[in-house]
Amino acid sequence: ASAQFQLAVPVAVVFTPGSVPGDLPRPLPFRDVQEMEFSVNLRTSITSRYETVYRSSTAQEEAALDVATAREADAALHPLQDASLGSLTVYMVPETSSLLPQGISVYVGKHRSALVRAGGSLAALRTRLQQLTQVMSFTASSIAAALSDRVPNGQLGPDVRRHLKSSLGYEITFSLLNPDPKSHAVDWDIEDAVNRYVQPVLDKLSLVANFSVDSQILYYAVLGVTPRFDKESSSFLLSAHSLPHVINPVEARLGSSAASLYPVLNFLLYVPERSHSPLYIQDKDGAPVSTNAFHSPRWGGIMVYNVEVPASSQASLPLHVDVDMVRVMEVFLAQLRLLFGLSREELPPEFLLESPGNEGLADWELDRLLWAHTVENIATVSTTLTSLAQLLDKIGNIVIKDDVASEVYRAVASAQSAMAKLATGHLHSAFQASKEAVTSSERAFFDPSLLHLLYFPDDQKFAIYIPLFLPMAVPILLSLAKIVREARQHKKEPTKMD
């Protein structure tokens, strides 16, 4: 199905005293709209529309900017900003401002604003704004990645299909793999670690989807590849090309994805057995990986956790191991960001991005995720309803119940509403409408009243009914043949009597 998406981004550019370019076309405040169009394929195009308001700063904003550092300014400005999802506020500060560090001309905060050092003309400012919106809202490639199912193979970069598909929920499983419990008694305080490090991130992502978290310890679970012993470092090595073969045997033991309605993210902490310790992961160039971990797109990640080998060989077994959860969670959270496509892209050197802290992602990163997921949801609804329509065309005798019809109408209305909300820059309500559209379209597609007809076509009916009717049909057909024969004889007999 064809789709023309319009994505409107409300941007406010706030000039503080001493930062107004000399070549403004008219006095402040004024509005300006810039549009960019790119096509995903022949039938899907995206128009991004940046609706910019240029204005002077208020006394409150100037007071908030009268601090020592950009980080303090970001915190002080936050309550004064437009907090609606998808909106951006850009504060222009004078060229001589000491708020931004030396050599930095753009500071991106952890909310929905940025500080930009003034300099030059309005054209230079517009170029800077374009760079900023690419970082803080969406890019052609982030939207194309969301629509990757519609894009011909080969037109997208290798990273596009790494991200998780948009879903109404995700299940996260943390697993501790202890293949050698005779040698290692491993303790990990996973509950405290999840509450401290993972929960703040999931609270922030709760707008995107529902999350459930569980954990398990698996004993005697080994990796599917035997590591290679390296004499020089007297350690064991797993090379990059053997990593894909590590997952399958382990996955058979995880057992969580089989019963799950939603995509499952697996995070595995592997404590190598004593005979294969220490174990290090190598990258493609043969260099050791600093985190000793790797991730698999759309699946999860594995971290190898080496245990200190005691100096004396007399140490009693099993060795007691307390896992350093801070080090482990740093790795797992970085992998979680990668799976959701939140990895930071290469930026110009004059950009400085504030760390989101223990929330795990900045407000604008959440918006970036919502732009992509909203577009993906609408495309998914379009595909689901098109498939349903094609299916119903094929099955002539199908009966569409009223509740299925109403779900289809609701899905179409919600998808249209989401498109309209995107075009007016209301990201939050657009995303909610797109979620409702997905729910309704899937309810219609998987409705039980349609399912049994799907699996019960006409040729199957003949296969079932013929064995039942054949035994009855034989005597009936013989009787009919006998009646026909007798009728013919009756017709012949009167002619003989003449």
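What counts as what
Residues numbered from 1 in each chain as written. Predicted model: local features only at pLDDT ≥ 70, side-chain atom pairs only at ≥ 80, totals over all residues. Heavy atoms only, no water. Axes fitted to C-alpha atoms, helices over the stretch in contact; angles between N-to-C directions. Helix = DSSP H or I, 4+ residues; strand = E, 2+ residues; numbered from the N terminus. Parallel < 35°, antiparallel > 145°, perpendicular 65-115°, else oblique. Left-handed = near helix turned anticlockwise from the far one by under 90°. Contact = heavy atoms within 4.5 Å. Nonpolar A, V, L, I, M, F, W, Y, C, P; charged D, E, K, R; others polar. UniProt positions renumbered as here; feature names shortened; annotations may be inferred. Pairing = 2+ DSSP bridges. Expected span 1.5 Å × (residues − 1). Buried < 20%, exposed > 50% of the residue type's maximum accessible area, 1.4 Å probe, protein only. Arc of directions from axis to C-beta.

### Focus: the packing of helix α8 (residues 363-394) against helix α10 (residues 427-445)
- It is at 9 Å that the axes of α8 and α10 come closest, and there the two elements cross at 30°. Taken as axis vectors, α8 and α10 run roughly parallel relative to one another. The interaxial crossing formed by α8 with α10 has left-handed handedness. Listed contacts from α10 to D367, L370, W371, H373, T374, N377, I378, V381, T384, L385, S387 and L388 of α8 are L427, A430, F431, S434, K435, A437, V438, S441, A444 and F445.
- When grouped by side-chain class, the residues that make up the contact of α8 with α10 number 13 nonpolar, 7 polar and 2 charged.

### Some words on the UniProt feature "transmembrane region" (unreviewed entry) in the protein
- Annotation from UniProt places "transmembrane region" (unreviewed entry) at residues 462-484.
- Annotation note: span residues 462-484, helix share 100%, strand share 0%, distance between end C-alpha atoms 28 Å.

### Digging into the pairing of strand β14 (residues 293-296)
- Taken together, the 4 bridges between β14 and strand β15 (residues 300-304) define a ladder with antiparallel strand orientation. Along β15, the bridge assignment pairs H295 with G301.
- The hairpin turn running from β14 into β15, its antiparallel successor, is 3 residues long, and R298 in that turn takes a positive phi close to 65°.

### Focus: helix α3 (residues 122-136)
- Between its first and last C-alpha atoms α3 spans 20 Å; for 15 residues at 1.5 Å apiece the expected length is 21 Å, and the two agree.
- Those residues of α3 lying buried are L122, L125, R128, L129, L132, T133, V135 and M136. What you see down the axis of α3 is that its buried residues fit within an arc of 150°, all on one side.

### Thoughts on the sheet that holds strand β11 (residues 235-238)
- Strand order across the open sheet formed by 3 strands is β10-β11-β13, with mixed pairing between neighbours. Either end of the sheet is taken by a strand with one partner, and the two such strands are β10 (228-230) and β13 (279-281). The sheet shows a mean angle of 40° between the axes of neighbouring strands, taken without regard to direction.
- Inspection of the sheet shows β11 paired to β13 by 3 bridges, in the parallel sense. By the bridge assignment for β13, F236 is matched with L279.

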